[in-house]
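For reference, the chains in residue letters:
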Amino acid sequence: MQFLGSSIVFAAILASTTLVSASSHDRVHAPAIRRLDHHRRSTCSSSATGKGHHRKHHKNKKHGKSGSSASSTSSSSKPKSTSSSSNSSSGSSSGSSGSSSSSGSSNSNSGSGSSSSSSSSLSKSSGKPGLCWANSNGIPIDNFLIGDVSWYYSWSDTPGWDNAPVDDVMYCPMLWGYKNEASFKKNVLNNPNGKFNKHKCVMGMNEVNQVGQAKMSPAEGCQLMRENISPLKAQGWYVMGPSTTSAPDGKDWYDEFKKTCPDVFNSLDAIALHWYDVDLDKFKAYVEDWHDTYGKDVWVTEFACQNFNGGAQCSSGEAWNLLQGATQWMDTKEWVKGYAPFAVLDNLQGVSEVNRLSNGHQPTALFNMFSKM
């Protein structure tokens, strides 16, 4: 998913359309961090941060086997429409009890195998929960910088408003794709010490295997990364590789990417993953498979209990259990550095209402649980 330009919407960008959110961006993808005392500051050791909004587009691609047991059933590129199948209702708030999970802020670029870098890693004090934030300042972000939330991204190269927080929370700019290449060069590549770049963390392209998102070939991805992100890596920035949807061709894309430009692939500190489906065991298998296959740390920067393949949607209780189980499990994995469920948005763009993390300007019980509030 992504957000750019003038609207705010965290869901896949409907091919050549703009967002419709509470801020001025086109496509979105974002995380938020904070926590020092009550709010820890998380920073990518090394010396990094996006703006934007985007629409979610989800093609009903069936997840086949794509690598080990990662046969999930939903294409993770965000909703293709806004027909959210809301099995909303109750359930979820059942016992906001909250995941008694271990806030885990694992840091250290754990054996990322080929990752050349490893000089960059999250601060030990930071929490893993983050925000996909395509709202600019349309929704008060401070209301969601609670609990263990310590980072955010916006599916763009700046957060989208001048007073966006960057001191007690980590912002990571994104080179969404060709459409924001010019602004990325201006705001990030040619302005590495700009106020939104203080954490020296950068994210690669959004859903490179998905039409309507940053669809491109691995060769094109190599060129875009080499021209715009490799120079930042050389300056010590922390680099998250391009994200794909959870459709099987996501790993095909990465296999070819690794083969086409091993220098760029090896320089990645981590890979960003998107996952939409309804089964917790499949989620765990999918994330673990990517880590085992590529030897890289992982950030799950979009995920939800959502079926994009025509099957039944999750109930509120099932959405609660999946988010709680997924975050508790990720907190135990040192190589999972951060995660941001989809999403704090007024319009969930086709993702079922049972995944709603905001009610107006306030966090829902589901948000409070995931953020360890």
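Residues numbered from 1 in each chain as written. Predicted model: local features only at pLDDT ≥ 70, side-chain atom pairs only at ≥ 80, totals over all residues. Heavy atoms only, no water.

## Side note on the overall build of the protein
Right, on to step 1. The number of helices and strands found in the protein is eight helices and 11 strands.
Right, on to step 2. Residues counted as buried form 64% of the 373 residues belonging to the protein.
Right, on to step 3. In the form shown here, the protein has an accessible surface area of approximately 11,500 Å², with 47% of it arising from carbon and sulfur atoms. (Helix = DSSP H or I, 4+ residues; strand = E, 2+ residues; numbered from the N terminus. Buried < 20%, exposed > 50% of the residue type's maximum accessible area, 1.4 Å probe, protein only. Areas by Shrake-Rupley, 256 points an atom, 1.4 Å probe, with all protein chains shown as cover.)

## Describing unusual backbone geometry
Right, on to step 1. Residue alanine 343 follows phenylalanine 342 across a cis peptide bond; omega there is -10°.
Right, on to step 2. Of note, glutamine 349 is a non-glycine position whose phi angle comes to about 50°, a positive value.
Right, on to step 3. Looking at where glutamine 349 falls in the secondary structure, it is placed in the loop between β9 (336-339) and β10 (358-359).
Right, on to step 4. Notably, lysine 372 is not glycine yet its phi reads approximately 70°, a positive angle.

## A closer look at the packing of aromatic side chains
Right, on to step 1. By the definition in use, this model includes 24 aromatic pairs.
Right, on to step 2. An angle of 20° between the planes, with centres 5.0 Å apart, marks the rings of tryptophan 253 and phenylalanine 257 as stacked. Of this pair, tryptophan 253 and phenylalanine 257 both sit in helix α4 (residues 249-260), four residues apart, which is roughly one turn of that helix.
Right, on to step 3. According to the relative accessible area criterion, tryptophan 253 is buried, its value standing at 6%.
Right, on to step 4. On the basis of relative accessibility, which here comes to 0%, the residue phenylalanine 257 falls in the buried class.
Right, on to step 5. Feature note: the residues Trp253, Tyr254, Phe257, Phe265, Tyr286, Trp290 and Tyr294 constitute an aromatic cluster, connected by ring pairs.
Right, on to step 6. Taking NZ or CZ as reference, lysine 179 lies 5.6 Å from the ring centre of tryptophan 176, over its face.
Right, on to step 7. Residue placement shows lysine 296 over the ring face of phenylalanine 265; its charged tip is 5.0 Å from the ring centre. (Phe/Tyr/Trp six-rings, centres within 6.5 Å; stacked < 30°, edge-to-face > 60°. Lys NZ or Arg CZ within 6 Å of the ring centre and 35° of its normal.)

## Re the confidence of the model for the protein
Right, on to step 1. Put simply, the protein has an average pLDDT of 76, and 66% of its residues get 70 or more.
Right, on to step 2. Taken together, the stretch residues 2-43 has pLDDT below 50 and engages in 314 contacts with residues farther than four places along the chain or on a different chain.
Right, on to step 3. With pLDDT under 50 throughout, residues 45-125 is counted as low confidence; its partners more than four residues away or in other chains account for 408 contacts. (pLDDT = per-residue confidence, 0-100. Contact = heavy atoms within 4.5 Å.)

## A short note on empty space enclosed by the protein
Right, on to step 1. Taken as a whole, the largest cavity encloses approximately 60 Å³ of empty space.
Right, on to step 2. Lining the largest cavity we find Phe303, Ala304, Cys305, Ala319, Leu322, Leu323, Pro341, Phe342, Asn355, Leu357 and Leu366.
Right, on to step 3. Only β8 (297-305) and α7 (316-331) provide two or more residues apiece to the lining of the largest cavity.
Right, on to step 4. Classifying every residue of the lining of the largest cavity gives 10 nonpolar, one polar and no charged. (1 Å grid on protein atoms, 1.4 Å probe; cavity = no way out; pocket = protein on both sides within 12 Å on 5 of 7 lines; lining within 4 Å. Points joined across faces, edges and corners; volume = space filled by probe spheres on them. Nonpolar A, V, L, I, M, F, W, Y, C, P; charged D, E, K, R; others polar.)

## Some remarks on the environment of threonine 260
Right, on to step 1. Along the polypeptide, threonine 260 turns up in helix α4.
Right, on to step 2. The partly exposed category is assigned to threonine 260, whose relative accessible area is 37%.
Right, on to step 3. As a C-alpha pair, threonine 260 and glycine 221 span 39 residues in sequence and 9.7 Å in three-dimensional space.
Right, on to step 4. Residues within four places of threonine 260 in sequence aside, it is in contact with Ala219 and Cys222.
Right, on to step 5. At 2.7 Å, the side chain of threonine 260 and the backbone oxygen of glutamate 256 are in polar contact. (Polar contact = N/O pair within 3.5 Å; in protein donor to acceptor, adjacent residues only side chain to side chain.)

## Notes on the pattern of salt bridges
For side chains of opposite charge, pairing can occur when their charged atoms come near one another.
Right, on to step 1. Evaluation of the coordinates by the stated rule reveals 10 salt bridges.
Right, on to step 2. We note a salt bridge from arginine 226 to aspartate 263, for which the minimum N-O separation is 2.9 Å. With arginine 226 in helix α2 (residues 218-228) and aspartate 263 in helix α5 (residues 262-266), this pair connects stretches of sequence that are 37 residues apart.
Right, on to step 3. Between lysine 337 and glutamate 334 there is a salt bridge whose closest N-O contact spans 2.8 Å.
Right, on to step 4. Accessibility expressed as a relative area gives 1% for lysine 337, which makes it buried.
Right, on to step 5. Salt bridges here are not isolated pairs; linked through shared partners, they connect Asp297, Glu334 and Lys337. (Salt bridge = Lys/Arg side-chain N within 4 Å of Asp/Glu carboxyl O.)

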